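Survey of secondary and tertiary structure
Listed here are the chains, written in short residue letters.
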Amino acid sequence: MAAAGVVSGKIIYEQEGVYIHSSFGKTSDQDSLISGILRVLEKDAEVIVDWRPLDDALDSSSILYAGKDSSSVVEWTQAPKERAHRGLEHLNSYEAEWDMVNTISFKKKPHTNGDAPSHRNGKSKWSFLFSLTDLKSIKQNKEGMGWSYLVFCLKDDVVLPALHFHQGDSKLLIDSLEKYVVLCESPQDKRTLLVNYQNKSLSQSFENLLDEPAYGIIQAGLLERRKLLWAVHQWKKIKKDPYTATMVGFSKVTNYIFDSLRGSDPSAHQRPPTEMADFLSDAIPGLKINQQEEPGFEVITRIDLGERPVVQRREPVSLEEWTKNIDSEGRILNVDNMKQMIFRGGLSHVLRKQAWKFLLGYFPWDSTKEERTQLQKQKIDEYFRMKLQWKSVSEEQEKRNSRLRDYRSLIEKDVNRTDRTNKFYEGQDNPGLILLHDILMTYCMYDFDLGYVQGMSDLLSPLLYVMENEVDAFWCFASYMDQMHQNFEEQMQGMKTQLIQLSTLLRLLDSGFCSYLESQDSGYLYFCFRWLLIRFKREFSFLDILRLWEVMWTELPCKNFHLLLCCAILESEKQQIMEKHYGFNEILKHINELSMKIDVEDVLCKAEAISLQMVKCKELPQAVCEILGLQDSEVTTPDSDNGEDENVGMTSCPTSAFQSNSLPVLAASGARDDNPTEISMSPNVSRVTPA
């Protein structure tokens, strides 16, 4: 639509000195120049292009600007009129704000009644705005013709007045628009840029991979091979800056495929057997998950892993148990035993704020209370020095720092939708949102190379919820990101490695299931991508994630325990997938719909039982030993403590540093047995639910 009106939202682009020559082409008189402000705004998933005369823009009390202070996530401040009155007083205020991070005050978001402003002069009639979805084409000026201009043509063939850029050129505007639509030259006129909506899904961001509806209700249907390759080609073309290239390409191409699948006739196409494996090999260079035997890969044949042990879980570690394991100076005693207790039962919530700092490496396990106090003081100073770096960037500086602008935009977008159903983050005037925003912005100063990638807010949210402190949450997050860093790097090496390792483990556990998945073009295990990327954050309830993460942080019972968790979940779903003959789309849909329906205690029991089963196997392939961090040495089982070497002359078998019989378990009655219990052998896995 081309009518003028009041619009608010997040500003993507803004340029003053954009003129309309109101008398051009009508008289021989000199043009009547109307100066105005051109903006591109994002509001409610819609992108608006808005031009209005400068007088109207300055006088309008309804135009809202995103504030650059730490409240910018939840507060919209009026500008530029109001901003002019804030002056130096505001610039000096943020340092005082840092001393009050737990007592943040809020300004209510301004509201408008939706009425269009009254026109006070004839200039206002030239105002216009339209949705980017209505844009048909953009005509540019000829090269070498003084200042540049653009003419917008809408789908209803409405041609808007030419906009002349007296200050700077129009390139920044075009760049901003290309974030949302694909612009290509018209074959008839190189000066005309056509809006191509066929490629719209290619510009979807990484959020679509993480959001629950991302996989959507995918109806059966297939793409021809040439369309897949075209999608890869387009992805490579639009990949421009490092942080978006991290894993965005994978999700963009996937979204294109899914969009293309919707609404197609299942009987109209057939997918070649290895089509999807080939496609993913193109989309993620270096990802090779064997559909067949190939030279250079260890062929894992069917191995008898033996019976699977019964695993029991205990109650969460209590405050009393934790306190008993601390000496007079505040050191943690018997760290290994404490980790095993946490692995087997997790932590009582009252302990998490303290214990997580040890589990994540923020506090050394052997530190005294005094040493930890001094460390916190040092970390507070270090944190606020980094926070000052981005807080002190002026608006003028930020205009010349595209990376910082992009980071801020991504962070604000993610923060506003992270765990908003949790009371800690719900509502608009919420200090939790501000702290999420500030910590993520500060992390960009901590790790310049990585910066911010969508999905990282999911990893921070539970940490801030537990810590309830900006500085402690930041350093715990930084430690967690040390573990997760490769997941978010540009080359996706972490994700590639984990998918290959998961395929290796699953093939060892159930080669028949792997073969079935491959027959349905699902052997690359793409449906586990989100599980691995953000450590099951979207698969379990918020409280279950607290339990799951603290168990994984113990680094027991082996390396890459999270891959065994994936195997445990897939094993639980194997019967339904195979008996109902699920195909590619049904598998993807089924796995996605498991979100919030998985029993965390059951999965932990199964995954631990799988690890013990593998530890006891005497013929475990070397590739599996390396994935799980098992050493080639003789294993000591609960039945082999009679001092005799029963394995002399036999093939060496892997062991784990975690001994399954070294920790008291919880009996069915809920009482603790202080004598280590011999683990019985059974093909099934059972668990005792904490009382």
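Residues numbered from 1 in each chain as written. Predicted model: local features only at pLDDT ≥ 70, side-chain atom pairs only at ≥ 80, totals over all residues. Heavy atoms only, no water.

Let's shift gears to the overall build of the chain. When its secondary structure is counted, the chain shows 26 helices and 13 strands. Out of the 691 residues belonging to the chain, those deemed buried represent 53%. Restricting the contact set of the chain to residue pairs at least 6 apart, pairs at least 24 apart contribute 71%. Of the roughly 32000 Å² of accessible surface on the chain, 49% is carried by carbon and sulfur atoms. (Helix = DSSP H or I, 4+ residues; strand = E, 2+ residues; numbered from the N terminus. Buried < 20%, exposed > 50% of the residue type's maximum accessible area, 1.4 Å probe, protein only. Contact = heavy atoms within 4.5 Å. Areas by Shrake-Rupley, 256 points an atom, 1.4 Å probe, with all protein chains shown as cover.)

Relative to the helices and strands, Lys391 is located in helix H13 (residues 369–391). A sequence separation of 51 residues divides Lys391 from Thr442, and the C-alpha atoms of the two residues are 9.0 Å apart.

This structure, assessed with the given rule, holds zero disulfides. Here Cys567 is not disulfide-linked; the sulfur of Cys566 is the nearest cysteine sulfur, at 6.8 Å. (Disulfide = S-S within 2.5 Å.)

All right, on to the nonpolar core then. The tendency in soluble globular proteins is for nonpolar side chains to be buried side by side. Ranked by size, the top nonpolar core spans 124 residues in total, and within it Phe488 and Phe536 carry the most contacts. Of all hydrophobic cores here, the second largest spans 28 residues; its members include Val49, Leu163, Leu173 and Val181. (Core = buried A, V, L, I, M, F, W, Y, C linked by side-chain atoms within 4.5 Å.)

Okay, the packing of helix H16 (residues 431–446) against helix H18 (residues 470–484) next. Interaxial distance between H16 and H18 falls to 10 Å at its minimum, and their mutual angle equals 50 degrees. What the angle tells us is that H16 and H18 run oblique. For the crossing formed where H16 meets H18, the hand is right-handed. In this structure, H16 contributes Leu435, Asp438, Ile439, Leu440, Thr442, Tyr443 and Tyr446 to the contact, and H18 contributes Glu470, Ala473, Phe474, Trp475, Phe477, Ala478 and Met481. Each residue belonging to the contact of H16 with H18 can be placed in one class, and the counts come to eleven nonpolar, one polar and two charged. (Axes fitted to C-alpha atoms, helices over the stretch in contact; angles between N-to-C directions. Parallel < 35°, antiparallel > 145°, perpendicular 65-115°, else oblique. Left-handed = near helix turned anticlockwise from the far one by under 90°. Nonpolar A, V, L, I, M, F, W, Y, C, P; charged D, E, K, R; others polar.)

Ordered by their spatial adjacency, nine strands build an open sheet running S6-S3-S2-S1-S9-S8-S7-S11-S10, and the pairing between neighbours is antiparallel. Edge positions in the sheet fall to strand S6 (128–131) and strand S10 (182–185), since each has one partner strand and no second. In this sheet, neighbouring strand axes are inclined to one another by 30 degrees on average, regardless of whether the strands run parallel or antiparallel. As paired strands, strand S2 (residues 33–43) and strand S3 (residues 46–53) are joined by eight bridges and run antiparallel to one another. Within S3, the residue paired with Gly36 across the bridge is Pro53. (Pairing = 2+ DSSP bridges.)

This part is about helix H25 (residues 600–616). Between its first and last C-alpha atoms H25 spans 25 Å; for 17 residues at 1.5 Å apiece the expected length is 24 Å, and the two agree. The buried count for H25 comes to 15 of 17 residues, which makes it a mostly enclosed element. (Expected span 1.5 Å × (residues − 1).)

Their axes nearest at 11 Å, the elements helix H12 (residues 349–359) and helix H22 (residues 542–553) cross at an angle of 35 degrees. For the pair H12 and H22, the crossing hand works out as left-handed. Judged by residue contacts, His349, Arg352, Trp356 and Leu359 of H12 engage Leu546, Arg547, Glu550 and Trp553 from H22. Residues that form the contact of H12 with H22 fall into these classes: four nonpolar, one polar and three charged.

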